[in-house]
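What the coordinates show
What follows is each chain in one-letter form.
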Amino acid sequence: MRRRRGRSPQPLGAWGQIRPFVTMPEINFDKLDKEQVQLLSEMCILIDENDNKIGADTKKNCHLNENIDKGLLHRAFSVFLFNDENKLLLQQRSDAKITFPGCFTNSCCSHPLSNPGELEENDAIGVRRAAQRRLKAELGIPMEEVLPEEFTYLTRMYYKAQSDGIWGEHEIDYILFLKKNVTLNPDPNEIKSYSYVSKEELKELLKKAANGEVKLTPWFKIISEAFLFKWWDNLNHLSQFIDHDKIHRM
């Protein structure tokens, strides 16, 4: 599971119009890998292609390509967190993440777990609780600053993507929006760098990704290209985009 240490990230400010990301301090990759491996024992929620619960399995089993190829599918979420200047918080995943290490992505991406609180489906409250938990774990946002009922649950997206020859993702992803100023204290075991960006700065980052200068997570690339900017243009009027019946097949 050990990954070799890569080069330090180039400050985004050197790429033209994008402000520098805040780079997290150097960490012990041996310790990081142990922590990431421990997370593989978490129990994800297994679902069918219509998002009906059918069981539970470990994060490890859910992310092995050999199981994904057999149809193993789990529930996930993606949080898009904006500040009061309408800037979006982006993060770069740690180099020791099991899937898509070092890739830039949206504010927080993870999975609800197979426990009573996060299995509850009414108005996606279980997914919202999972988002609150992971915002605390990854970004250090106090849980009282991001209450489950404050997230706007927009819609769901189905996708499948390989990270490497062993690991991948196969998810139905709940899209959650939140506009709020929060306290950040990111965990370097989870996040390599982070920054709030404008629409123009994100478009510049997408161009760099298209040129192979940076890597994006596949779900963030799909959402950015298909949906994000029209939602971003209407942060105060998101209700028109809420669709809890449709699952976008990407």
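The structure under discussion appears in the preceding block.
So, here is what we can say about the structure in this document. (Residues numbered from 1 in each chain as written. Predicted model: local features only at pLDDT ≥ 70, side-chain atom pairs only at ≥ 80, totals over all residues. Heavy atoms only, no water.)

**A short note on the packing of helix H6 (residues 199–210) against helix H7 (residues 218–232)**
Two measures define how a pair of helices packs: the angle their axes make with one another and the distance between the axes. Running from amino to carboxyl end, H6 crosses H7 at an angle of 160 degrees, the nearest separation of the two axes being 12 Å. Accordingly, the angle class assigned to the pair H6 and H7 is roughly antiparallel. Crossing geometry of H6 relative to H7 is assigned as left-handed. Residues Lys199, Leu202, Lys203 and Leu206 of H6 form the contact with H7, whose participating residues are Phe220, Ser224, Leu228, Phe229 and Trp232. Split by residue class, the contact of H6 with H7 holds six nonpolar, one polar and two charged. (Axes fitted to C-alpha atoms, helices over the stretch in contact; angles between N-to-C directions. Helix = DSSP H or I, 4+ residues; strand = E, 2+ residues; numbered from the N terminus. Parallel < 35°, antiparallel > 145°, perpendicular 65-115°, else oblique. Left-handed = near helix turned anticlockwise from the far one by under 90°. Contact = heavy atoms within 4.5 Å. Nonpolar A, V, L, I, M, F, W, Y, C, P; charged D, E, K, R; others polar.)

**Remarks on the packing of aromatic side chains**
Tallied over the full model, the rule gives ten aromatic pairs. An aromatic cluster is present here, built from Phe80, Phe82, Phe177, Phe220, Phe227, Phe229, Trp231 and Trp232 joined pairwise through their rings. Positioned above the aromatic ring of phenylalanine 229 is the side chain of lysine 203, whose terminal nitrogen or guanidinium carbon lies 5.2 Å from the ring centre. The aromatic ring of tyrosine 158 is capped on one face by arginine 249, whose charged end is 5.6 Å from the ring centroid. (Phe/Tyr/Trp six-rings, centres within 6.5 Å; stacked < 30°, edge-to-face > 60°. Lys NZ or Arg CZ within 6 Å of the ring centre and 35° of its normal.)

**Quick look at the pattern of salt bridges**
For the structure on display, the rule yields 17 salt bridges. A salt bridge links arginine 75 to aspartate 51, with the shortest nitrogen-to-oxygen separation between them at 3.0 Å. Taken together, the residues arginine 75 in strand E4 (residues 74–82) and aspartate 51 in the loop between strand E2 (43–47) and strand E3 (53–58) connect sequence positions 24 residues apart. Arginine 75 gets classed as buried once you look at its relative accessible area, which sits at 2%. On the accessibility criterion, aspartate 51 (5% relative accessible area) is buried. Among the salt bridges present, the one from glutamate 121 reaches lysine 53, with a minimum N-O distance of 4.0 Å. Of the two residues, glutamate 121 sits in the loop between helix H4 (116–119) and helix H5 (125–139) while lysine 53 sits in strand E3, which places them 68 residues apart along the sequence. (Salt bridge = Lys/Arg side-chain N within 4 Å of Asp/Glu carboxyl O. Buried < 20%, exposed > 50% of the residue type's maximum accessible area, 1.4 Å probe, protein only.)

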